[in-house]
Amino acid sequence: MKTTLCKLCENESVSPNGNVALVGLFDRVTPSRYPCPLPPMTFASEIEYEPSESGRTAKVDVVLINQDGSRLMTATLDVDLHPPVDAFEGRQWVKLPFGLGEPTIIEGPGRYRFDVLVDGHIVGHERLIFATLA
């Protein structure tokens, strides 16, 4: 099992034919000052799995980690791993909104990352850089 795509975006949508559109992709945020709240965003990831891994529900965790390796927040989602429609690997989209509700505070600039775990195993990640104004 692995991720074939991990991206942060402003918005995502699914067309009637099932195509996913990611709008406003980014990996850098430059707030006017620190500390700052995590801005609203959508984390989108596609998980690819073998046919033998399908037909069950997997626990997916998306964890925001700071540059010191500390967990700042975790979002958990149960994802159904549907059997593939052909002999190829199965694929399932995971989309999670962040920065809504109770704010996660970013203390200062640095390199952060979102780890994707399926049933406790890391399968991918995406970076998020918090920069300073020049």
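This text gives an overview of the structure that appears in the document.

Thresholds, definitions, all that
- Residues numbered from 1 in each chain as written.
- Predicted model: local features only at pLDDT ≥ 70, side-chain atom pairs only at ≥ 80, totals over all residues.
- Heavy atoms only, no water.
- Pairing = 2+ DSSP bridges.
- Helix = DSSP H or I, 4+ residues; strand = E, 2+ residues; numbered from the N terminus.
- Axes fitted to C-alpha atoms, helices over the stretch in contact; angles between N-to-C directions.
- Buried < 20%, exposed > 50% of the residue type's maximum accessible area, 1.4 Å probe, protein only.
- Contact = heavy atoms within 4.5 Å.
- Phe/Tyr/Trp six-rings, centres within 6.5 Å; stacked < 30°, edge-to-face > 60°.
- Salt bridge = Lys/Arg side-chain N within 4 Å of Asp/Glu carboxyl O.

Details of the sheet that holds strand β5 (residues 41-49)
Next up, step 1: Ordered in space as β2-β1-β5-β8, the four strands form an open sheet in which the pairing is antiparallel. The two strands at the open ends of the sheet, each matched to only one other strand, are β2 (20-26) and β8 (90-98). Along the sheet, successive strands turn relative to each other by an average axial angle of 45°, direction set aside.
Next up, step 2: Of the pairings in the sheet, the one linking β5 to β8 comprises nine bridges and is antiparallel in character. Across the sheet, the residue bridging to F43 is L96, located in β8.

Quick look at the side chain of D61
Next up, step 1: Of note, D61 is situated in strand β6 (residues 56-65).
Next up, step 2: Residue D61 is classed as buried on the basis of its relative accessible area, which comes to 11%.
Next up, step 3: With sequence-adjacent residues up to four places away left out, D61 is seen in contact with T74, A75, T76, D115, V116 and L117.

A closer look at the packing of aromatic side chains
Next up, step 1: According to the stated counting rule, one finds three aromatic pairs in the structure shown.
Next up, step 2: Here Y112 and F130 contribute two aromatic rings whose centre-to-centre distance is 5.2 Å and whose plane-to-plane angle is 75°, an arrangement assigned as edge-to-face. Placement of the pair is Y112 in strand β10 (residues 110-118) and F130 in strand β11 (residues 121-130), with a sequence separation of 18 residues. The two residues Y112 and F130 agree in class, both being buried.
Next up, step 3: Connected via pairs of aromatic rings, a cluster forms that spans F43, F98 and F114.

A look at the pattern of salt bridges
Close approach of charged atoms lets side chains of opposite charge pair.
Next up, step 1: A complete count under the given rule lists seven salt bridges for this structure.
Next up, step 2: For the salt bridge of R56 with D119, the shortest nitrogen-to-oxygen distance reads 2.7 Å. Taken together, the positions of R56 in strand β6 and D119 in the loop between β10 and β11 put the pair 63 residues apart, joining distant regions of the chain.
Next up, step 3: According to the relative accessible area criterion, R56 is partly exposed, its value standing at 34%.
Next up, step 4: Put simply, D115 and R113 hold a salt bridge, and the shortest N to O gap is 2.7 Å.
Next up, step 5: Judged by its relative accessible area of 5%, D115 falls in the buried class.

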